[in-house]
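Chain residues, written in single-letter form:
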Amino acid sequence: MSIDRALAGTGTWLDDRLHGARGFRWLLRKVFPDHWSFLLGEVVLYSFIILLLTGTLLTFWFQPSMTSVIYHGSYVPLRGVRMSEAYASTLNISFDVRGGLLIRQIHHWAADLFMAGIFAHMIRIFFTGAYRKPREINWLIGITLLTLGLFEGLFGYSLPDDLLSGAGLRILEGVTQSFPIVGTYLAYFLFGGPFPGHVIIPRLYIIHVLLVPALLLALITAHLFLMFYQKHTQMPGKGRTNQNVVGAPAFPYFAAKTGAFFFFVFAVLTIAATFVQINPIWLYGPYNPVAMSAGSQPDFYMGVLEGALRVMPAWQWVFFGHTFAFNVFVPALLPLGIVFGGAALWPFLEQWITGDKREHHLNDRPRNAPTRTAIGISVITFYGILWAEGANDIIAVHLDIPLYWTTWGARVGIFVGPAIAYWLTKRICLGLQRKDNHLIEHGVESGIIRQMPGGEFIEETRPVDDDKLAVLLSRAQVPALPSAETGKPEVPPSGMRGGLGRVRERWYKVLTEAAPLPTPHNGHGDGHGNGHAVEGNGHDRPAIGSGTSAHDEDQH
Amino acid sequence: MSNSNPSGDSGDTAWQEYLTGGSRGAHGQSAGHQADPSASASTSSGEPEGPSAPRRVIGTPSPATSRTMLPQAGHHGPQRPPRELPPGPEDPIKAKKAERIVATLFILAFLAGLGFIASYEIFGAGSLTKVLRSNLALGGTLSLSLLALAAGATIWVRNVMPTVELTEQRHLLASDPKDKEEFKETWEEGTDASQFVKRPILRRTLIAATIPLGVAPIILLRDTGPLPGKSLEHTVWRNGLRLLVYGTNRPITPAEFASPGSIISVVPEGFQNDDDALAKAATVIIKFRPGQMVFTTENHPVPNKVVENWTVENIVAYSKICTHVGCPAALYEQTTHHILCPCHQSTFDAAQGARVLFGPATRPLPQLPIGVDSQGFLIATGDFPVPVGPSYWERS
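Residues numbered from 1 in each chain as written. Chains lettered and ligands numbered in written order. Predicted model: local features only at pLDDT ≥ 70, side-chain atom pairs only at ≥ 80, totals over all residues.

*Asks:* Would you mind going over the sheet that holds strand S2 (residues 243–245) of chain B in detail, with residue names and values included?
*Replies:* Residues and elements named next belong to chain B. Read from one edge of the open sheet, five strands run S2-S3-S4-S7-S12, paired in antiparallel fashion. The open sheet is flanked by S2 and strand S12 (367–368), the only strands paired with a single partner. Bridge analysis of strand S4 (residues 283–287) against strand S7 (residues 315–319) gives five bridges, and the strand direction is antiparallel. Within the sheet, the bridge partner assigned to Ile285 lies in S7 and is Ala317. (Pairing = 2+ DSSP bridges. Helix = DSSP H or I, 4+ residues; strand = E, 2+ residues; numbered from the N terminus.)

*Asks:* Describe the interface of chain A and chain B, with residues and values.
*Replies:* At the junction of the two partners, chain A supplies 110 residues and chain B supplies 103 residues. Counting residues per element, the side of chain A that touches chain B draws most heavily on helix H10 (residues 250–275) of chain A, at 14 residues. Its residues placed into classes, the side of chain A that touches chain B shows 57 nonpolar, 34 polar and 19 charged. As paired strands, strand S4 (residues 244–249) of chain A and strand S1 (residues 166–169) of chain B are joined by four bridges and run antiparallel to one another. The residue of S1 of chain B that forms the bridge with Val246 of chain A is Thr167 of chain B. (Contact = placed C-beta atoms within 7 Å. Nonpolar A, V, L, I, M, F, W, Y, C, P; charged D, E, K, R; others polar.)

*Asks:* Can you tell me about the domain arrangement of chain B, naming the residues and giving the values?
*Replies:* You can read the domains of chain B as domain 1 (92–160), domain 2 (186–218) and domain 3 (232–380). Taking the mean C-alpha position of each, domain 1 of chain B and domain 3 of chain B sit 58 Å from one another. (Domains from an automatic or database assignment.)

*Asks:* So what's going on with the pairing of strand S3 (residues 263–268) of chain B? Residues and values would help.
*Replies:* Residue and element names in this part refer to chain B. As paired elements, S2 and S3 share three bridges and run antiparallel to each other. Paired with Leu243 across the bridge in S3 is Pro268. With four bridges connecting them, S3 and S4 associate as antiparallel partners. For Val266, the partnering residue across the bridge sits in S4 and is Thr283.

*Asks:* I'd like a rundown of the sheet that holds S4 of chain A, residues and numbers included.
*Replies:* Spatial ordering of the open sheet is given by S1(A)-S4(A)-S1(B), a layout of three strands whose pairing is antiparallel. Only two strands of the sheet have a single partner each, and these edge strands are strand S1 (31–32) of chain A together with S1 of chain B. Summarising the sheet, S1 of chain A and S4 of chain A pair through two bridges and their orientation is antiparallel. Pairing of Phe32 of chain A across the sheet is with Ala248 of chain A, part of S4 of chain A.

*Asks:* Hey, could you go over the environment of Asn437 of chain A for me, with residue numbers and the actual values?
*Replies:* Residue and element names in this part refer to chain A. Relative to the assigned elements, Asn437 resides in helix H16 (residues 403–442). Separated by 82 residues in sequence, Asn437 and Thr519 place their C-alpha atoms 8.0 Å apart. With residues near it in sequence (within four places) discarded, Asn437 still touches Ala515 and Pro518.

*Asks:* Help me get a handle on the pairing of strand S8 (residues 457–462) of chain A, residues and values and all.
*Replies:* Residues and elements named next belong to chain A. In this sheet, S8 lies alongside strand S7 (residues 444–451) in antiparallel orientation, the contact comprising five bridges. Looking across to S8, one finds that Ile449 is bridged to Glu459. Where S7 hands over to S8, the hairpin turn is made up of five residues, of which Gly455 adopts a positive phi near 95°.

*Asks:* Quick one: what's the story with the confidence of the model for chain B, residue by residue and with numbers?
*Replies:* Of all residues in chain B, 80% have pLDDT values of 70 or greater, and the mean over the chain is 83. Throughout residues 1–74 of chain B the model reports pLDDT below 50, and contacts reaching past four residues in sequence, or to other chains, amount to 123 contacts. (pLDDT = per-residue confidence, 0-100.)

*Asks:* Break down the confidence of the model for chain A for me, with residues and values.
*Replies:* Here chain A shows a mean pLDDT of 88. Residues at 70 or above account for 91%. Contacts of residues 521–556 of chain A to residues separated by more than four positions or lying in other chains number 86 contacts, the stretch itself having pLDDT below 50.

*Asks:* Could you give me a rundown of helix H19 (residues 498–511) of chain A, with the residues and numbers involved?
*Replies:* Residue and element names in this part refer to chain A. An ideal rise of 1.5 Å per residue puts 20 Å on 14 residues; H19 measures up with 20 Å between its terminal C-alpha atoms. Those residues of H19 that fall on the buried side of the exposure criterion are Arg504, Tyr508 and Leu511. The arc that holds every buried residue of H19, seen down its axis, measures 70°, which confines them to one face. Set apart from the buried face of H19 by more than 90 degrees, the exposed residues are Gly499, Val503 and Arg506. In this structure, the buried side of H19 is in contact with helix H13 (326–354) and helix H14 (370–389). (Expected span 1.5 Å × (residues − 1). Buried ≥ 20, exposed ≤ 12 C-beta atoms within 10 Å, placed from the backbone. Arc of directions from axis to C-beta.)

*Asks:* Explain the nonpolar core residue by residue, including any values.
*Replies:* Phe263 and Leu269 of chain A together with Ala150 of chain B are the most contacted members of the largest nonpolar core, which has 173 residues in total. In terms of residue count, the dominant contributor to this core is helix H5 (residues 100–127) of chain A (15 residues). Built from parts of two domains, this core gets at least three residues from each of domain 1 (92–160) and domain 3 (232–380) of chain B. Here Phe263 of chain A is in contact with Leu146, Leu149, Ala150 and Ala153 of chain B, once residues within four sequence places are set aside. Formed by seven residues, the second largest nonpolar core is a distinct cluster that contains Leu439, Val464, Leu469 and Ala470 of chain A. (Core = buried A, V, L, I, M, F, W, Y, C linked by C-beta atoms within 7 Å.)

Set out below in structure tokens:
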């Protein structure tokens, strides 16, 4: 009881000053829903915390300086070599600071996991429709976090001033220089004059350790606060509706689980840092503008930009005495502009097309939004092809195919691939919907063949169990557009008029394409239904199930 | 209309019902399978529950004389709300077994943590082998400790704590119209009192006052670097400057560079350690067999041709800085005499004035005019005729 008494004492002391008992009691019982995919965001959060911890340690030894020094440290192959202080201090961290290499490698792995986690988390949010009202703000914050993460990563791995990262900065300079009108000015301001100059490393350093982390921290805090305040979405299931949250209370369950998960993430990063070498800058050598090694690859999250630069044909023209370097600034801005800009606009576009202004707290299964899922897979294909093209030289060498074929493949692939992916995904989703319908309407095949008194053979089926049925029945009724409601298409209501209205109507048809909702044989809907067919989804699904017990059919 | 709405206007009805919050919100409230069934009535959030938690006007003193965080002394009075979480695990034998495993894992984490501290002392740093061992020992012990902690905590939650599933109600996020109306009134009272709307001269001058201050930080960024001016058009190469072999920094004669198909990187004498100069002046020289190069006799660059007067004994010099985004175009294929940039695979034909064969680069690598000085060493006879490196706006 002494722990209890100590806690009670502390609690009383705090409460006398802060008045927290009621608020914190509520906090202890806050319900968190559970699903494996909800851990993806936690991966990102915990990677970020580990990045802050390891990054702080690294700053104690790292020297963000481009002053030339001759190396005299423990790494023998580079002794006597001229290099920047930044590079020399990174060697020092790796070879002369105990545990320095481990911290450096954890930091680098954590950065990769941070970015990979953001991508995975974002994909989860998109495919389950968790960005829908009221969570659009958090979706936009997420896209901002992803963009900041890209810059944070690029600036971070540029700091050691090794040959590989120096090449990355050179590309950054070349790309900046290509922008119309302001390009050369921007490049000269960024680098403090001609490349490489003596200021870029200190500047990137302060951006990397202060400016961007502060923004990331603020936005992550806002992101988590909104998630907390609006309550987490949940996957469809028995007893889960749009108006409740089913799960475990924050104290002690969620707190203990998420604490354990933090240690898991940390352990995985430590294992990677212990056994898998990452960014061995001592092998690359110090930066030198004359040298470059073959097969240079950036970290994976920059791969798509690299691929875009490689895939672009050599289009460049001089108009009015000025060079328009389409071959550089178009691939630098367009593909990510399409993907990120499109992602940012999508929730609002979807709302406008479908007219769906409802709050959504119950996630979609990806198959239940076939067009959205198809668009998502299509974008991933587009992004993936560009990303792979970023390593086309490696692919060409390992698969023993001519280098230029890979580039031509990507040039065609970024148009054909997404189209095929769209079509294929949509067919698969609609097929899965029909399969679900079959399960709802006819139950699960049991493999037992029975002969009827009339001699007819039938296969027995058993009804889907309640938990599964609730998931199957989660497909939502798609609300109609206002034009359909009036029933007088010759006088369309406002919002449906003109060219824009027609576009909206056409897109609506594409976006809401779905298999017919399951139709439990209506002749049997005879009042023995107990409503469980509709229990899983509350207000999303008014059209069926009223009084019809869907899965009893086969027992008649 | 989509075929997914087979039942006429029922979707519409639901729509209305949904928007108004509906009358069917009484689902849920099912406490978990294992949880105490009597708990299901009181699972909503921190709202005051029933008569035992009287509403208190904000600002008045609490009815409780003394408060602690402990439930038995809570101000719910004698009628304590029913338990929501069961006090212990459903299977005490299983829990006991799990308890032993968890404790073992925590001891393991403790020992591995000690091992980490010991490793820090035992394995030093300062050489490749030491760092290798130290990294393995530190990383191994840290990984083990973290993993054991994570596994222990997970088993604790799953097998020692009783299984619980609670249901909490959600409420529409939009405020009800009365609250919105009240907010609007309060806001308008504020704006009225501030006179912001009524006195446009105040409003406009205030906005005007802040604009220069908003721009000021951007103005201050101006001195982060000089303006480019004409600096991108030139490199440090000029007539008489020797070509030094990159790496050894020694001058070279055509006789020393006699085997056809060779390529070496050269830097301008006096600028060997000047990275700013080298970033534009890095050059390669390539030796050809007689007759391999496609020459022009003009004294200025001609598309797809090598300026013959700018070569020495079938040695031609090209800028090493790729015209795409500025990587050093470092790869050379002897048999096809192609120069390849390893960054984005722009390919140039060295025999034809470094014209672009493939890839995103649009312009050939500029040719550097070279000759020999009185001592027979290779020298530049001038700067590149056109700007080297990536394209930029001012370049015509």
